[in-house]
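Chains, contacts and geometry: an overview
Listed below are the residues making up each chain.
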Amino acid sequence: MMETIENMVEMRFPSKAANIGFARTAVALFASQLEFTLDELDEIKIAVSEAVSNAVIHGYKGTEGEITVICRLTGNRLEVTVKDEGRGISNVQQALEPAFTTEPEERMGLGLVFVREYMDELVIDSEPGKGTCVFMAKSPSQTRVHS
Amino acid sequence: MDIAIRRKRNALIVSLDGELDLATAAEVKERVDAALAANAKVNHLIWDLEKVGFIDSSGLAVLLGRYKEIQARSGKVIALRALEPVRRVLTMAGMERIMQFADTEEQALAQIGGKR
């Protein structure tokens, strides 16, 4: 019988790069309530790091705003939402393309590629001028149940 | 992030201690670029990643950016002692195409065939 955990944590912090490490570590700790392997927890850390970095770099480019990270455990699934109220993305499909970057000199355009690779689900909702909401979900492979 | 940079033969060995992400990328980039600029005869770059527990695309961008400089100097880039989680990210990003992996400094120096 699989235990069902229902839990939720919400974090709000200013869009400083120094907070990215805290956010990914906190989400991984929260996620460890499920049967994720160490490799999977590393993957979650990377996905969160990419999503929060995007909010800092692109969402609030040159300015400071608030980033909200909401983690939920629903059954055997981790859901993470990363929200900003920054500039938004005008073309989400383009942003998801491998190697697409608005800053080719310094960035590789791999951030969202990692998120897609490491999480089971990725949904990006964004509107220019209003902000971006990145929803990601992952279930542990060891006890993953498909209905 | 603790950054130690030393020169051995015609290689720069950069030892990092910490997590390589957006918060630390700029400092690593500045320190390594300054060292490369100050050592015109250096043409290889060895990243000692033994104490790097985390890397994401911001960290990879630092490695890739320095690769371009080393390529211009006809040198090689080596990832030394990369831990498994970091190595997995490097491999997934296809960094094996632009850098070699080594388990010991001697091995790294042998791979670049450094001139004295």
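About the criteria used
- Residues numbered from 1 in each chain as written.
- Chains lettered and ligands numbered in written order.
- Predicted model: local features only at pLDDT ≥ 70, side-chain atom pairs only at ≥ 80, totals over all residues.
- Helix = DSSP H or I, 4+ residues; strand = E, 2+ residues; numbered from the N terminus.
- Buried ≥ 20, exposed ≤ 12 C-beta atoms within 10 Å, placed from the backbone.
- Contact = placed C-beta atoms within 7 Å.
- Axes fitted to C-alpha atoms, helices over the stretch in contact; angles between N-to-C directions.
- Parallel < 35°, antiparallel > 145°, perpendicular 65-115°, else oblique.
- Left-handed = near helix turned anticlockwise from the far one by under 90°.
- Nonpolar A, V, L, I, M, F, W, Y, C, P; charged D, E, K, R; others polar.
- Pairing = 2+ DSSP bridges.
- pLDDT = per-residue confidence, 0-100.
- Core = buried A, V, L, I, M, F, W, Y, C linked by C-beta atoms within 7 Å.

The next thing to look at is the overall build of chain A. Looking only at helices and strands, one finds four helices and five strands in chain A. Listing each helix as α and each strand as β along chain A from the N terminus yields β-α-α-β-β-α-α-β-β. The buried share among the 147 residues of chain A stands at 39%. Considering only intrachain contacts with a sequence separation of at least 6, the fraction spanning at least 24 residues in chain A is 68%.

Let us now look at the overall build of chain B. Counting its secondary structure elements, chain B contains four helices and five strands. Starting at the N terminus and walking to the C terminus, you meet the elements of chain B as β-β-α-β-α-β-α-β-α. Projected onto its principal axes, the C-alpha coordinates of chain B cover approximately 35 × 25 × 20 Å. Across the 116 residues of chain B, 45% fall into the buried class.

Residues and elements named next belong to chain B. Close contact between helix H1 (residues 22–38) and helix H2 (residues 57–72) brings their axes to 8 Å; oriented N to C, the two are set at 15°. Between H1 and H2, the angle falls in the class roughly parallel. Seen from above, H1 lies across H2 with right-handed handedness. Taken together, the residues of H2 that come into contact with H1 (itself represented by Leu22, Ala25, Val28, Lys29, Val32 and Leu36) are Ser58, Gly59, Ala61, Val62, Gly65, Arg66 and Glu69.

Before going further, it helps to spend a moment on the interface of chain A and chain B. Taken together, the contact pairs 19 residues of chain A with 16 residues of chain B. When contributions to the side of chain A that touches chain B are tallied by element, the ones reaching two or more residues are helix H1 (20–31), helix H2 (38–59) and helix H4 (111–118) of chain A. Sort the elements by how many residues they give to the side of chain A that touches chain B and H2(A) lands first, with eight residues. When the residues that make up the side of chain A that touches chain B are grouped by side-chain class, the tally is nine nonpolar, four polar and six charged.

What follows covers the pairing of strand E4 (residues 121–127) of chain A. Side chains on a regular strand alternate between the two faces of the sheet. All names here are of chain A. Here seven bridges tie E4 to strand E5 (residues 131–138), and the two strands are oriented antiparallel to one another. Residue pairing in the sheet places Glu121 in a bridge with Ala137 of E5. Where E4 folds back onto E5 in an antiparallel hairpin, the turn is made up of three residues, including Gly129, whose phi is positive at roughly 85°.

We now examine the sheet that holds strand E4 (residues 77–80) of chain B. All names here are of chain B. Strand order in this open sheet of five strands is E1-E2-E3-E4-E5, and the pairing throughout is mixed. The sheet is open, and its two borders are formed by strand E1 (2–8) and strand E5 (100–102), each paired with just one other strand. Each adjacent strand pair in this sheet contributes to an overall mean axis angle of 25°, direction not counted. With three bridges joining them, E4 and E5 adopt parallel strand pairing. Bridging from a neighbouring strand, Leu80 pairs with Ala102 of E5. Sitting on the sheet, H2 touches strand E2 (11–20), strand E3 (44–55) and E4, and the angle it makes with E3 is about 180°.

On to the confidence of the model for chain B. Mean pLDDT over chain B stands at 94; residues scoring 70 or higher make up 97%. Prediction confidence for the complex, expressed as pTM and ipTM, is 0.91 and 0.91 respectively.

What follows is about the nonpolar core. Formed by 71 residues in total, the largest nonpolar core has its most connected members in A:Val27, A:Ala47, A:Ala51, A:Val52, B:Ile46 and B:Ile78. Not counting residues within four places of it along the chain, the set of residues in contact with A:Ala51 comprises A:Val82, A:Val115, A:Val134 and A:Met136.

We now examine unusual backbone geometry. Note: most peptide bonds trans; most residues except glycine with negative phi. Residue and element names in this part refer to chain B. Look at Arg9: it is not a glycine, yet its phi comes out positive at around 50°. Among the secondary structure elements, Arg9 is positioned in the loop between E1 and E2. One non-glycine residue, Ser74, lies in the positive phi region at around 55°. By the secondary structure assignment, Ser74 is in the loop between H2 and E4. Judged by the 8 C-beta atoms lying within 10 Å of it, Ser74 is exposed.

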